[in-house]
Structure formats: structure tokens, C-alpha cells
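Overview (structure and organization)
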Amino acid sequence: MKKKHVYSIALFVITLIFLNVDIFNHINFVEQLIGKYIYPLDDSYIHLAISKNLTEYNVWGITKHEFSSTSSSPFFTLIISFLMHFFGNNDLIPLYFNLIIANLLLVITYLNFKENLLKLFIIFWGYLFFVLLKTQVLSGMEHMLHIFLISLSWIYFYKWFESNFSKKSCRNIFLLVMPFLCITRYESLFYITLIILLLFYKKQYKITVISTLLAFIPLIIFGLISIQKGGYFFPNSVLAKGNYTLTNPSLIYRFLKKHITFCYYISIISFLILITLIYFYHTIKKNLTKDYLITIFNKNLTNLVIIFTIIAHLLFARIGWLYRYEAYLITLILLTVAFNIDKIKKKLKPSYMFFLLILSSFFLFKSLKRYQESNELLKYANKNIFDQQIQMSKFIGKYFNKSTIVANDIGAISYYSNIKLHDLVGLGSTDILAYKLRNNPKDYENYVNNLNYDMMLIYDSWFIDYNLKNKKKVATLYLKNNHICGDSQVSFYIPSNSKQELYTYKSLIEFKKNLPKDIILKIY
């Protein structure tokens, strides 16, 4: 066995052990703190709720009572539902599924980069400290699966592209992954569109058509089913949470701010930009003939695909919120930088070394800082969700299990109960989303004020611009050291004319006696 292969194996094993030990240490920490593992996001329970309802009631919805296109990742939710068929309704299924996927990602990466220790080190380091695989696994969300699928797609597309489209095995794997990208995360549309344009530009017309069909047919099928069931073509979460910068010129500032923030925290993008600029710099220094410019442009096509994917994401999607939305972008950057290592060596001059050393130092520093910040956030996030969303779900599940509930955080309360739901954000209620998309506050107010419900659980701070009437505040749940929840206070309301007022107060008093000592419930 060659010496470099020994080093690559050692690096792979160390990375594998570090990641798994780190994950299980945190799981053990949470279990000791609150008795069981609780996800650090309420959104994780949205997938679980839909999966449960699909498995047990054959209903694709946040509750068993109606269809709702709430899931941001139909494919991930289908997988969780499929696993529930075999392993039962277990809330840890997403956690261990993500753990398996994370380990598979390390295996696939090792197999593709084991010949070059530097490339393998850059990617593994980035996975652990920039992509934060630990956080992606522990979130119980679809982002780990998205990272895995888009890595497969980009690795094998890049190899196929660099072989001048001769490696059919790489092409086949790339095409095999294509149908699952968009229905895992809709942000994949940015990446897929640019890949299709690149294939068309390179006159790969047959593969362009096949890629387009494979990518969009699953999306179209799900969209048409959603419309037929009374929903929208895109999931409610995409419509409710999207960032449509181009439709509002005043939001250009937000785009620029996000772009600067992204580049600051994700400093490895500087490597990718530097690689591209080096080529164009050499172009200017030599000559500006049309043929030469086209040659240089063609050499940078893959770099440009990733750069424009990043720009499109910043225009129309989010970053942050437990480091998950940008994770696939960082993965694409890491892989592209690794692929370009050989090109850097060929073009690198002594004058560039100083800048490269600065970028490398900044990359190492920011990655460790990002990892440390994510660990600090995780220390609070699981406990925050337990203290707020899980306690809300316990209250609803025990005292209002089959009632009609109005809420703005809908995951845990839907998964752990059999309620009927009105979601004021619109993720779980298409009718309410329709009013929100009209961008007419008065229409929204009138509709919400006429809802029939038994209990309302909301963040008052989210609705200060709305005049929500006909309700009586009966309690407030206070959260200490909030780091992840939408607000530290949840207000409990009942209708002004509620016939269950006495029952509600009795339930709250009884519930308060059984709350953990560090959770405050103020009853009015």
C-alpha cells in the first residue's frame, strides 16, 4: 500500500471517529439534561407530524384532518414515513437516518479523493467545521440528505465534465441523483438550472433534455397533486419563507448585507473567486483575442456555476438559522476548491502566496470559530425547544388533544396530539397563507378574527402589527436564555366568549404544578 493511501485512510478514520463521538456526546448531554433527546428546532417535528399522518391515516398534512403542503422537503418526509412503516412511530428516526447519511457522505468523499491527501483534508475539515455535519445530523432536518445528494451530483458531474463527457459511469450517477434534488430542497433549482444551461452550452443536447425531465418531473407531479388537493404548486414553506428580493427593490440592501455576511463567515468562497480571477488575470496579461477569451471562460465554467448558484440563493433564499440553509452551498464550494487544487498549483506564482496564506489562516480561524459558536448554540437550542414547544405540546396533548388550536409554531404540538390546526404563519393552513400572500393586513386580520378555535398559542411580538380581536389572555409561558425560539414568551388565549374558560384555568393550574422548576407559567 502506498504511503499516501495510509495517510488518507488515517485521515478518514480520524474524521469518522471524531464526527460520531461528537454527535453521541451531544445526544448524551441532552439526555442527561432533559431526560430524552429533543431536536433543536420545532421544524423537525413538522416532518415527523406529516410522516405520522401519512403512515397512520394516509393523509399528507400537518394534522390528520386535511391535506397541507407543509413539508419543505417532500422526499425527506416520504423517507421518514417509509421508515415509520417498519420501525413504528419513533421520533428518533430522523436523527439516526441523518447519522447514517453523514457517514455515507464521508465514505463517498474518501473513495473519490483518497488519491490526494490535501484535497481530502480540505473537504473533511470543511465538513466538520464549516458545513457542521454534527449540527446537520442533530437537527433532524432534511439538510443532511440534501448535502449528501448534492455532493454526489457535483462530484460525478465534475468528473464527467472534466473527462470531456467520456466517463459514462459518472454521467449515470449524476443522472440517478437528479430526480431527488429539488424535492429534497427547492433551493436545488438554482444549481440544477445552471447545470442544465452548462450542458446546453456544451452541446450535450440529449443529456440536457434528460436532466431537465429527471429534475422537474417529480417537482411537477408533486405540484399538480398539491393543486388538486387545494394547495399551491410549491410547498407552503417555500411561499411563506422565501426571499423574493427582485420583486422589491428596497430589499436589495438585504441581499448585499447577506452577501457580505456570507462571504465573511464562509471565507472559503474567497478561494473559489481567487481561482477564477487568476485565470482572468492571466487572460488580460496575455492577449484579448476572442478565441483565447472563450478558452479561459470555458476553463472556469464549473467555478462560475457555483458562484452564480450562491448569488441566486442569496437573492431568493435564506442563510443561517442553525447554520442549515447555506450548508449545501459550503459543500459545493469545498468540493470545487478541492477539484481546483491542481489548477492552483500550475498557476500559482510567489506573489500569490502571501494572499493564499492569509486566506488559509482566515479559513482555519473562521471554521473553528463557526464550530465553537454552533456548539454553544446547541447547548441551549435543545433545552429551549424542550422548555417551550415540548411543554406546549404536553399541555395541548393532555387537555386539548382533539380541539381546534391556533398557533404560529406548529411542529411539536401537531406531532404529539390529534388537534385541528389554524397556523397563523400559513405553513400548515393554506387558507391563511392565501390571505398572507395577498399582502393586505386588513383582509388577514378579518379572516383570523373570524376563526373558530378553542385555544390560541402565539408569540405576541409576531403579530403586533395586526389587530387580533375577540380573545382573552389566560397565561404566558416564559423561556429563560432563549437562543433558538422565535420569542421567549408564548401567550395562551381563549375566545372571549369561550364556554371552556373554567376548564382552561383548571387545566393551566394543574399543568403548572407538573412543569420543570426552571420553566415559568404565569396564569392571569
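Summarised in this report is the structure supplied together with it. Owing to the predicted nature of the structure, the values given are computational and were not obtained by experimental measurement.

1. Digging into helix 22 (residues 501-513)
Because an α-helix packs 3.6 residues into every turn, residues spaced three or four apart end up facing the same way. Here helix 22 contains 13 residues, and its C-alpha end-to-end distance of 19 Å stays within 8% of the 18 Å for a straight helix at 1.5 Å per residue. Taken residue by residue, helix 22 has Thr504, Tyr505, Ser507, Leu508 and Phe511 as its buried positions. One side of helix 22 carries all its buried residues, which in axial view fall inside an arc of 160°. Among the exposed residues of helix 22, those pointing more than 90 degrees away from its buried face are Leu502, Lys506 and Lys513.

2. Quick word on the sheet that holds strand 2 (residues 420-423)
The mixed open sheet is built from 6 strands, whose spatial order is 2-1-3-5-4-6. Among the strands making up the open sheet, the edge pair consists of strand 2 and strand 6 (520-523). Sheet twist, expressed as the average angle between the axes of neighbouring strands with direction ignored, equals 20°. Where strand 3 (residues 455-458) meets strand 5 (residues 489-495), 3 bridges bridge the pair, whose relative direction is antiparallel. Paired with Met456 across the two strands is Tyr493, which belongs to strand 5.

3. Points about unusual backbone geometry
For Asn58, which is not glycine, the phi torsion reads 60° and is therefore positive. Relative to the helices and strands, Asn58 resides in the loop between helix 2 (43-57) and helix 3 (74-87). One non-glycine residue, Phe165, adopts positive backbone phi at about 65°.

4. Quick look at the packing of aromatic side chains
By the definition in use, this model includes 42 aromatic pairs. It is Lys436 that lies over the ring of Tyr444; its NZ or CZ is 5.8 Å from the centre. The ring centre of Tyr435 lies 4.3 Å from the NZ or CZ of Arg438, which sits over that ring.

5. A few points about the packing of helix 4 (residues 93-113) against helix 5 (residues 117-131)
Look at helix 4 against helix 5: their axes get within 9 Å of each other, and the N-to-C directions meet at 165°. What the angle tells us is that helix 4 and helix 5 run roughly antiparallel. Classified by chirality, the crossing of helix 5 by helix 4 is right-handed. Contacts from Leu105, Leu106, Thr109, Tyr110 and Phe113 in helix 4 reach Lys119, Leu120, Ile123, Phe124 and Tyr127 in helix 5. Looking at the contact of helix 4 with helix 5 residue by residue, the class counts come to 8 nonpolar, 1 polar and 1 charged.

How each quantity is defined
- Residues numbered from 1 in each chain as written.
- Predicted model: local features only at pLDDT ≥ 70, side-chain atom pairs only at ≥ 80, totals over all residues.
- Heavy atoms only, no water.
- Helix = DSSP H or I, 4+ residues; strand = E, 2+ residues; numbered from the N terminus.
- Expected span 1.5 Å × (residues − 1).
- Buried < 20%, exposed > 50% of the residue type's maximum accessible area, 1.4 Å probe, protein only.
- Arc of directions from axis to C-beta.
- Pairing = 2+ DSSP bridges.
- Axes fitted to C-alpha atoms, helices over the stretch in contact; angles between N-to-C directions.
- Phe/Tyr/Trp six-rings, centres within 6.5 Å; stacked < 30°, edge-to-face > 60°.
- Lys NZ or Arg CZ within 6 Å of the ring centre and 35° of its normal.
- Parallel < 35°, antiparallel > 145°, perpendicular 65-115°, else oblique.
- Left-handed = near helix turned anticlockwise from the far one by under 90°.
- Contact = heavy atoms within 4.5 Å.
- Nonpolar A, V, L, I, M, F, W, Y, C, P; charged D, E, K, R; others polar.

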